[in-house]
Amino acid sequence: MSASTHSPVLKHHFEDLGQQHASERLGMWMFLATEVLFFAGLFGAYTTYRLWYPAEFEAASSHLNVLYASINTALLVTSSLTMTFAIRAAKLGNRGELIRYLLATAALGTAFMVVKGFEYAEDFREHILPGAGSFGGEIKADAEARGLDTGKVRLFLCFYYIMTGIHGVHLVIGIGVVLWLVQQSYTGKIPPDNYSTVEVVSLYWHLVDAIWLFLMPLLYLAGASIKHSH
Amino acid sequence: MSSLLPFIPTMASTFAVKFEILFWYITIVTGIAGLAVYAGMLYFCVRYRRSATSGSTPRILGSTRLEIAWTVLPMFLFFSFFGWGAVVFNHAAHPPADAMEVFVIGKQWMWKAQYSTGHRVIIGGNPRNMNEVERQSIGRLVLPVNRPVKITLTSEDVIHDFGVPAFRSKIDVLPGRYTTVWYHPTRIGEYHIYCDQYCGTWHSLMVGKIAVVGEQEFDEFLYGIQPLQGTENPVDGSLAQEGRQLFLKLQCVTCHSANAVAKAPVLEGLYGTRVPLKGGGAEVADEAYILESILKPRAKIVSGWEPIMPSYEGQITADDQAALVAYIRSMKRGTTPDVTAQFPAPNGAPTERPKQPASPGGK
Amino acid sequence: MSIAVIHGGLAASPPPPEPEPATPNYLNNNYGIWSWLTTVDHKRIGILYLISISIFFIGGGIAAGVVRTNLLSSTGAIVTEDAYNRAFTAHGVLMLFFFLIPAVPAVLGNFLIPMMIGAKDLAFPKLNLASWYVFIAGAACSTWAILAGGIDTGWTLYPPYSTRASQANVVPGILGVFISGFSSIMTGLNIMVTVHKMRCPGMTWGRLPLFVWSLYGTSLIQLLGTPVIAVTLILMGTERISGVGIFDPSIGGDPLLFQHLFWFYSHPAVYIMILPGMGVVSEVLTCFSRKNIFGYHAVAWSSMGIAVVGFMLWAHHMFVAGISFYSALLFSFLSMLVAVPSAIKVFNWTATLYRGSITFQAPMLFALGFVVLFVIGGLTGLFLATLGTDIHLHDTYFVVAHFHFVMVGGMVMGYFAGLHFWWPKMTGRMYSDWWSRVAASIIIVGFFLTFIPQFILGYHGMPRRSPNYAPEFQIYNVMSTAGASILGLGYLLPACYLSLSLFFGDRATANPWSATGLEWVSASPPTVFNFEFTPVVVCGPYEYAIGVDQLGRGLPEPPGPGSADDPASRDGPTGPAGPMKKETEVVG
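The structure contained in this document is the topic of the report that follows. (Residues numbered from 1 in each chain as written. Chains lettered and ligands numbered in written order. Predicted model: local features only at pLDDT ≥ 70, side-chain atom pairs only at ≥ 80, totals over all residues. Heavy atoms only, no water.)

**Observations regarding the environment of E557 of chain C**
All names here are of chain C.
Thought 1: By the secondary structure assignment, E557 is in the loop between helix 16 (474–504) and helix 17 (567–571).
Thought 2: For E557, a relative accessible area of 52% corresponds to the exposed category.
Thought 3: For the pair E557 and T386, spaced 171 residues apart in sequence, the C-alpha to C-alpha distance is 49 Å. (Helix = DSSP H or I, 4+ residues; strand = E, 2+ residues; numbered from the N terminus. Buried < 20%, exposed > 50% of the residue type's maximum accessible area, 1.4 Å probe, protein only.)

This is how it looks when you write it as structure tokens:
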């Protein structure tokens, strides 16, 4: 095991790069399992209440902005595409392309958060909020008009904010890690035989995307059959 | 300093006996198993302790037959515990239909009981958390011996637990929900009630007493001839009577009158029937349904009626809710009060009841 | 089957010469606090955890002292109700989250797993160090919450009390638990990847020491269970902070949902706490009876069985909480299932002693104590898993006694057994044999005296978490407190002689207990990279009967009564009476 024969990216406690990459990948898949369990608690709780209070949950959902959510879905799915291209660039050793695709991914993720910001601002303006005092506006009037329990409508909104909020936190962390990858690549620490670092981060990114793909229909499309004039 | 506890605590109900038999079965089986393991370990440790003349040890890897044996045998024993325990639990979970009913409300940090045909009593708690009136009416939950009683419980704030060791029984008491427990007391005496779910500072003082008395004493207690409490109970009247007064005071009768063109369904004979709901489906009109209809009337609309009932949430206390539910349960054919009826005072009740002008509460 | 056939005629090499005392070893290759705080060496990180959790053990112990002293009087002997409620909450939070959960995995697991499988380090050394910092951050946050006014919700944090009624430092308290949960996940992840990917040549899954199997099961639980409590704490915390949340009955929420989510983690968590201890017991019992483990596969599979089935039992904490009758039936049935693998282990351990050559140094005393106390703890769990009896025993001192038997009588014993067993390897020093045996004995006796009276109290209905209790319970409370003082004294002894051994203890040889694991191959204390060569494993663990370690080399003389008349040592390993010609005996 002389120093001259092994790759500079090989960490000292691994026997060879194959073991190192296999470990990194396995580790990330295990971490993703923890994230799935984490969100599973939220999804499980949501599902329970949705089964108990279908009318209120559907009515509440119908007041959310599906347009913003759709734009966000498109942004996030595209970012997964750019992330995959980034892996390819890393495998081919194309540093410029790698950095560009990573930046594109980060940019799309940031765009998602910006759209989310607009969406939350609109929600605040329209009093689509779960607090006893802050809940009001059209969503409240509509619920009362339908004879629904406004408490359970507010319960839906608790889930809306907590689930999209936690997802947003994960996305911001992902953007941070992607930017870190940009820095790593810029300083030459991602040669072709270490592309697995990019692959491992992309696994996380795809999970954040996948969670959104489940979250979005549950929260935004539950009330799709109810039409309002905004 | 007190003397040692009895070997087996007092068994004051039929369930307590069932518990004890099961408990001792498990104790004996697990005791034998545990002692057998200890005996084996002790014997091996003594017999095979190393000495200067010990040789080397044999290479023993295991025995499939033994593994199977000591997997299957414990499994069957454990399943016997499960099976017997399930039978006993089933007994505890299903009260008989003719059980006498009592409502109990738990709140930080006291217990209040309301009989459906009798008194309202505070049966335990921390005197420091009570007002003067409550403190003077601290009594016991009086129950007749040899008659099953079903207790329906709810909490006004956090989760509590109504535990009676002499009956070997407990049940959590939840806010926003009713839970039930039942006993068949068999022994006259006084027994502890404990709060068995941590609920804050005075959780350990949220204790009370159950008094199991003879049939005659219990009847006298119910009719107020012999108040078995500490002092005069200031409210004396059946729960349903209380509920009737509220029914009029809150102007429920304005819509829920006996009139055929009333704005709301007639409530006579409602309890226990299956109610068809707007939008499909049906629901049995039990206590929970009645309560929900009072607090959240738009949740389940009866088929053929409009959703016009206002909500009474936040305007009536848990005690009053129980009274209204009891009254509606008791409404038999022809008993809906007249819209213009004055509400008479029940026997022994304070006579000053303000006459409310006709403006219903709610939004 | 003779061994010669199994190993293709492999002859055991003679016991290796004692390795040169390693200089530098992992302790002295770098001095200075900064080298410790920036280390990525799994052994140093294990020591960092050791020091940290010892501090929290002391804190939790002080809280226990307040609780037990106060219970001397039926109306509270020394503190107010509010203070008592904070004391038992502090005891639970500190002991469970900041001592028991990290104890064996993060101290012994970190230190030993790479060595036991022949690796140089864990898979992610920097993640390992990060896990310690995260642990410290979380523990500091909760400790601050406890010291600055306290938490009074009980470690179980049920709403609505915790979200609405409690006036205490709930949010910082649960924030600390939340943060340290990530440490638990990181450790579990690290251990699992390491065991999957970094075993040395010849170390197949079927040759892993049982300690590794049990830590693998533990890590599985840590990985999959901890995220659920994380999200539960977030949900509870936001409800408390914002005043609105999903457990609030007034908007249609259900406090029982919290209980389901909470126990979904917290029940498997108790298996995080016990499985590593079981792994230690397997290592110690085999070494001190000089025998193979009886039923290796059964014990290994039972660890995995407990880990998996343990996820399906959570609502047995909720039988009287308002769940449906049919739910209760299901969870009771499944709870019976999980008792079976535990029973299998106990029987296999007992059978391991059969025809062994047993000595009773401290690690063995602690391990035997584990088995004895765990048997009671596990059997009393059956009373609680049985529906008919749980109604009466739930939330009484019966439950308190049960879980202390398994967690303290089980796990803490297991931790002490491991600490005493591997202390020479970790520190290069031997401690006093006599004092350690005395300590183990005092701890076992003190433990019995503390917790057996609590079974009686619970059977008579004394509720948990009650500073005021019915006067007729007082005598058993006094007995329990008296036992607790003996137990406390017992715990002080190791603190003393183990610390003293660091300065005055005899230097330890590489393999003072003559054990077979790979961790005993290198010197005591080990070098930074654990091995001077890549180990190649040729046989399973626990070949004490043949007298070889996992590299196929002979074992040194085990400590204890001499074996001068042992025919094996006269004839040598391959002589007519020697171990290499030993037949495998079939029993049962």
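**Considering the pattern of salt bridges**
Thought 1: In total, this model carries 25 salt bridges over all chains according to the counting rule given.
Thought 2: The closest approach of N and O atoms between E15 of chain A and K120 of chain C, which form a salt bridge, is 3.6 Å. With E15 of chain A in the segment before helix 1 (17–52) and K120 of chain C in the loop between helix 4 (81–116) and helix 5 (125–147), this residue pair bridges two chains.
Thought 3: Note on E15 of chain A: relative accessible area 38%, which makes it partly exposed.
Thought 4: With a shortest N-O distance of 2.7 Å, K300 of chain B and E292 of chain B are connected by a salt bridge.
Thought 5: Residue classification places E292 of chain B among the partly exposed positions, given a relative accessible area of 22%. (Salt bridge = Lys/Arg side-chain N within 4 Å of Asp/Glu carboxyl O.)

**Quick word on the interface of chain C and chain A**
Thought 1: The interface of chain C with chain A comprises 34 residues on the first partner and 33 residues on the second.
Thought 2: In this assembly, chain C packs against chain A so that about 2900 Å² is buried in total across both faces, 77% of it on carbon and sulfur atoms.
Thought 3: Among the residues chain C hides against chain A, the three largest losses belong to K120, K197 and I251 of chain C. Together they make up 20% of the total.
Thought 4: The tally of links between chain C and chain A comes to one salt bridge.
Thought 5: The tally of links from chain C across to chain A stands at six residue pairs in polar contact (both at pLDDT 80 or more).
Thought 6: Every element with two or more residues in the side of chain C that touches chain A is listed here: helix 7 (170–197), helix 8 (210–242) and helix 9 (255–289) of chain C.
Thought 7: Here the residues of the side of chain C that touches chain A are counted per class, giving 24 nonpolar, six polar and four charged. (Contact = heavy atoms within 4.5 Å. Buried area = accessible area lost by both parts, 1.4 Å probe. Polar contact = N/O pair within 3.5 Å; in protein donor to acceptor, adjacent residues only side chain to side chain. Nonpolar A, V, L, I, M, F, W, Y, C, P; charged D, E, K, R; others polar.)

**What about the side chain of S162 of chain C?**
Thought 1: Mapped onto the elements, S162 of chain C comes out in helix 6 (residues 161–165).
Thought 2: A distance of 2.7 Å separates a polar atom in the side chain of S162 of chain C from the backbone oxygen of L157 of chain C.

**With respect to the packing of helix 5 of chain C against helix 7 of chain C**
Residue and element names in this part refer to chain C.
Thought 1: The N-to-C vectors of helix 5 and helix 7 enclose an angle of 160°; their axes lie 7 Å apart at closest approach. In this view, helix 5 runs roughly antiparallel relative to helix 7, as classed from their interaxial angle. Where helix 5 crosses over helix 7, the handedness of that crossing is left-handed.
Thought 2: Partitioning the contact of helix 5 with helix 7 into residue classes produces 15 nonpolar, ten polar and no charged. (Axes fitted to C-alpha atoms, helices over the stretch in contact; angles between N-to-C directions. Parallel < 35°, antiparallel > 145°, perpendicular 65-115°, else oblique. Left-handed = near helix turned anticlockwise from the far one by under 90°.)

**Let's talk about the interface of chain C and chain B**
Thought 1: Contacts between the two partners involve 111 residues from chain C and, on the opposite side, 90 residues from chain B.
Thought 2: Here chain C and chain B share an interface that buries about 8700 Å² over both sides, 67% of which is from carbon and sulfur atoms.
Thought 3: The three residues of chain C that bury the most area against chain B are I391, Y459 and H460 of chain C, which together make up 8% of that side's buried surface.
Thought 4: The interface formed by chain C and chain B contains one salt bridge.
Thought 5: E543 of chain C serves as the salt-bridge partner of R59 of chain B, at 2.6 Å between the closest nitrogen and oxygen.
Thought 6: In this assembly, chain C and chain B are joined by 26 residue pairs in polar contact (both at pLDDT 80 or more).
Thought 7: The element that contributes the greatest number of residues to the side of chain C that touches chain B is helix 11 (residues 325–353) of chain C, accounting for 16 residues.
Thought 8: Per-class residue counts for the side of chain C that touches chain B are 63 nonpolar, 31 polar and 17 charged.
Thought 9: Pairing of strand 1 (residues 59–60) of chain B with strand 1 (residues 584–585) of chain C involves two bridges; the strand directions are parallel. (Pairing = 2+ DSSP bridges.)

**Considering unusual backbone geometry**
Thought 1: Note that the residue after Q108 of chain B, namely W109 of chain B, is joined by a cis bond; omega there is -5°.
Thought 2: Relative to the helices and strands, W109 of chain B resides in the loop between strand 2 (100–107) and strand 3 (110–115).
Thought 3: Between S524 of chain C and P525 of chain C the backbone carries a cis peptide bond, its omega angle lying at -10°.
Thought 4: Assignment of secondary structure puts P525 of chain C in the loop between helix 16 and helix 17.
Thought 5: Located in the positive-phi region is Q251 of chain B, a residue other than glycine, with phi close to 65°.
Thought 6: Following the sequence through the fold, Q251 of chain B ends up in the loop between helix 5 (239–249) and helix 6 (252–255).
Thought 7: One non-glycine residue, R465 of chain C, adopts positive backbone phi at about 60°.
Thought 8: Tracing the sequence through the fold places R465 of chain C in the loop between helix 15 (433–459) and helix 16.

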